[in-house]
Amino acid sequence: MTQAQDADTMADTHSSVENRSQTQIDRLPGFNVVNVLEKRSLLIAINSLAALSIFFFGYDQGVMGGVNNAKNYIDLMKIGYVDDEGTPIITNSLLQGGIVAVYYLGTLVGCLLGGWFGDRIGRIKSIALGAAWAIFGASLQSAAQNSDWMIGARVVNGIGTGILNAVVPVWATETAEHTSRGQFIAIEFTLNIFGVVVAYWLEYGLSFIDYGNSAFRWRFPLAFQIIPLLFLLATVWFFPESPRYLAKAGRDAEAQYVLRRLRGSTGDDAVRANIELQEIRNVIALEKQESTKTSYYHMLFGIGSGRLHIARRVQLVIWLQILQEWVGIAGVTVYAPTIFRIAGFSSGKSQWISGLNNIFYMFATLICVFTLDRIGRRWTLYWGSVGQGIAMFLAGAFSQLGENASRAGDTGKASSYGAAAASFVFIFTSVFGATWLTVPWLYPAEIFPLQMRNHGNAWGVVGWSIGNGWLTLLCPVLFERIGATTLHIFGIVNIITIPIVWALYPETNQRTLEEIDLLFASSSPWVWDAEKTFARLKAEEPALQVSAKDLPVGDAEQGRASG
């Protein structure tokens, strides 16, 4: 298409949307931040609230690491004892791992509920539901009196987390522009690791109260998560609904208003917002034509999905999340003190080093903010796998050497090897934070059709729940039975991920959410075939690519005049 034809297409699309939206609105009723803010400031506000939910998610993941070391908790749950030197001795590692892992059974159930609610009652109401549910679960956990109670409370809390994890990334992704989706999600996950850091150092500080014997050491951290959840529940009602959900629900006037506030409400920005709305409507019509079945069962087996190949997308997001856990982060996050003890450090020093590791982890996530939308999702995973694999192999090797030196009574060598092992654990978490932390959460929110996007993102959380639950249950047993060799297993998985991503995961960077259906239209699962089909179909479907073009300001006005 020529530049003049592009401008004509923009003008025609603008006119089409104006005609279909008979009633325009100037503001949403009541107080809503969308009435006050617009463009980047509005996007920052939306992603700040989304980041609060992600902060809770990180905090909730990290909190059990310190709880598992609290003497009162160990005694109450009957999972072991603390020796005279203050070192936790776990005699029932299966129960310890089970209490941690059962949370992910809750997140699995919760994400399926969240996907269902998100596509039916909207993103905002679903976020509120998830926050309320998680508050109830956190209250139960902090009041637990025995292992049975704690297991039930962990499941309830997990359901609330699962609902939030299924809905919040979709809401953030659907409001962001395609050129900066990765950047905003990466910023949110910096807050995710900040949650891990807060949980860790809060519990480290509480360990000095009453020599670490008080129940307050573990009950308060579990109750503390209620604070961000209450704020989320109270404020989410004052934020705009996803314009894509509004368009799907037939609320065109609201969708157009929210899009104009997100993209700009005057001049060429307004035209682009109208074109984006038209693209969304076109894709809704296409998806209804191609796929009439949107239940989880139909998605999993691809029944009635036509050329959209939904089952392939479901498998991709499930396995990407499982692989995210098996590259080693699940073990490092929850059982880092164990890793450092294997390396020869004392219990107290292991706790301190683990906390410092989490701080490095948090700052490393900022790298992804600047690289994810520049080098893309695939190259981010590539360099992450290489760096993580090398770090895991070396951390495992030096940990084993340190353990052997300790047995031989050579404390000098044990200390040197332990320091080397700790360094490579630091490197692993830093590389992970810059790469694999964000992409497996962003990818599911990008690749599914609008009519089932929340359902699709829920499948990603299913994979995360399976991977995390599986590993947190196995990690205590693995470290007990094979020690530092566990890290070598993680290193092998990192190497395996490289050909998997290369062959099966197409690039979504710099592509609009409406273009993604074309990316998965190929009947072949291989990336090279997907890219060929995408290039061909994109040329045949100009209505799905108009707003992806960066036309100079003024072309649209010229086209409007000529139309």
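Residues numbered from 1 in each chain as written. Predicted model: local features only at pLDDT ≥ 70, side-chain atom pairs only at ≥ 80, totals over all residues. Heavy atoms only, no water.

Draft legend 1. Up close: the environment of Trp218. As for its placement among the helices and strands, Trp218 is situated in helix H9 (residues 216-224). Since its relative accessible area comes to 0%, Trp218 is described here as buried. Along the chain, Trp218 and Ser207 lie eleven residues apart, while their C-alpha atoms are 8.9 Å from each other. In contact with Trp218, other than residues within four places in its own chain, are Val67, Ala70, Asn72, Tyr73, Leu76, Met77, Gln141 and Ala144. (Helix = DSSP H or I, 4+ residues; strand = E, 2+ residues; numbered from the N terminus. Buried < 20%, exposed > 50% of the residue type's maximum accessible area, 1.4 Å probe, protein only. Contact = heavy atoms within 4.5 Å.)

Draft legend 2. Layout of the pattern of salt bridges. Summed over all chains, the structure comprises 18 salt bridges. Salt-bridge contacts for Glu276 lead to Arg263; the nearest nitrogen and oxygen are separated by 2.8 Å. Placement of Glu276 in helix H13 (residues 267-290) and of Arg263 in helix H12 (residues 252-263) is noted, with a sequence separation of 13 residues between them. Here Glu276 matches Arg263 in class, with each residue buried. As a salt-bridge pair, Asp268 and Arg272 come within 2.8 Å of each other at their nearest N and O atoms. Placement of the pair is Asp268 and Arg272 together in helix H13, with a separation of four residues, close to one helical turn. Taking the relative accessible area as the measure of exposure, Asp268 reaches 8% and is therefore buried. Residue class for Arg272 comes out partly exposed when judged on its relative accessible area of 22%. Through salt bridges with shared partners, one network takes in Asp119, Arg123, Glu174, Lys248 and Arg453. (Salt bridge = Lys/Arg side-chain N within 4 Å of Asp/Glu carboxyl O.)

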